[in-house]
Amino acid sequence: MSSNTDSSADSNTNTASTGVMVVGAQGRMGLEVRAALEGAATLHFAGALERPDRSDIGQILVSGNSDDGSAEVLLRDAPKAALEGCGIVIDFSAPASTL
């Protein structure tokens, strides 16, 4: 009976982390969201979207790590590409919509 309890406790601690895409990732609030995700246990920064006219499109924002399986995050201007590996989108792209 105790083995069932132990295995159910183990299954609760093996929750996968959900990828989050930040729209407006290089803006003031986008940077705040990214910083908040650094301390999240069940969420991770996995996608970044910005306007196509930005000079930093294609920049690596997070380097991948083969040790923990984390993927590289590039700043993108194409929503479909930025969504890859993400289950949540947080949009801080238009300041007027947040007022």
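Since the structure is predicted, the reported quantities are computational estimates derived from the model, not experimental observations.

Details of the overall build of the chain
A count of helices and strands for the chain gives three helices and five strands. Listed by position from the N terminus, the elements making up the chain come as α-β-α-β-β-β-α-β. Here the chain holds 99 residues, and the buried ones make up 23% of them. In the chain, the share of contacts with a sequence separation of at least 24, taken over all contacts with a separation of at least 6, comes to 64%.

Examining the pattern of salt bridges
Counting across every chain of the model gives two salt bridges. The residue Asp-53 makes a salt bridge to Arg-51 at a minimum N-O spacing of 2.9 Å. The salt bridge involving Asp-56 is made with Arg-54; its shortest N-O contact spans 2.9 Å. Residue Asp-56 is classed as buried on the basis of its relative accessible area, which comes to 15%.

Observations regarding helix α2 (residues 28-38)
Looking at α2, one finds that the buried residues are Gly-30, Val-33, Arg-34 and Leu-37. Considered in projection along α2, the buried side chains sweep an arc of 100° and stay on one side of the axis. In α2, the exposed positions that point more than 90 degrees away from the buried face belong to Arg-28, Ala-36 and Glu-38. Where α2 is buried, its residues meet β1 (18-23), β2 (43-49), β3 (60-62) and β5 (88-91).

With respect to the side chain of Glu-50
With respect to the element layout, Glu-50 can be found in the loop between β2 and β3. Here Glu-50 is buried and forms no salt bridge, its nearest opposite-charge partner Arg-54 lying at an N-O distance of 4.1 Å. Of note is the side chain of Glu-50, whose polar atom sits 3.2 Å from the backbone nitrogen of Ala-25. A polar contact of 2.8 Å, which involves the side chain of Glu-50, links it to the backbone nitrogen of Gln-26. If sequence neighbours within four positions are ignored, Glu-50 has contacts with Gly-24, Ala-25, Gln-26, Gly-27, Ile-57, Leu-75, Arg-76 and Asp-77.

What to know about the sheet that holds β1
Spatially, five strands are ordered β3-β4-β2-β1-β5 in an open sheet, and the strand pairing comes out mixed. The outermost strands of the open sheet, each flanked by one partner alone, are β3 and β5. Strand after strand, the sheet turns through a mean of 35° between neighbouring axes, direction not considered. Inspection of the sheet shows β2 paired to strand β4 (residues 73-76) by two bridges, in the parallel sense. For Ala-48, the partnering residue across the bridge sits in β4 and is Leu-75. Contacts between α2 and the sheet are confined to β1, β2, β3 and β5, with β1 contributing the most and set at about 165° to the helix.

Procedures and definitions
Residues numbered from 1 in each chain as written. Predicted model: local features only at pLDDT ≥ 70, side-chain atom pairs only at ≥ 80, totals over all residues. Heavy atoms only, no water. Helix = DSSP H or I, 4+ residues; strand = E, 2+ residues; numbered from the N terminus. Buried < 20%, exposed > 50% of the residue type's maximum accessible area, 1.4 Å probe, protein only. Contact = heavy atoms within 4.5 Å. Salt bridge = Lys/Arg side-chain N within 4 Å of Asp/Glu carboxyl O. Arc of directions from axis to C-beta. Lys, Arg positive; Asp, Glu negative; His and termini not counted. Polar contact = N/O pair within 3.5 Å; in protein donor to acceptor, adjacent residues only side chain to side chain. Pairing = 2+ DSSP bridges. Axes fitted to C-alpha atoms, helices over the stretch in contact; angles between N-to-C directions.

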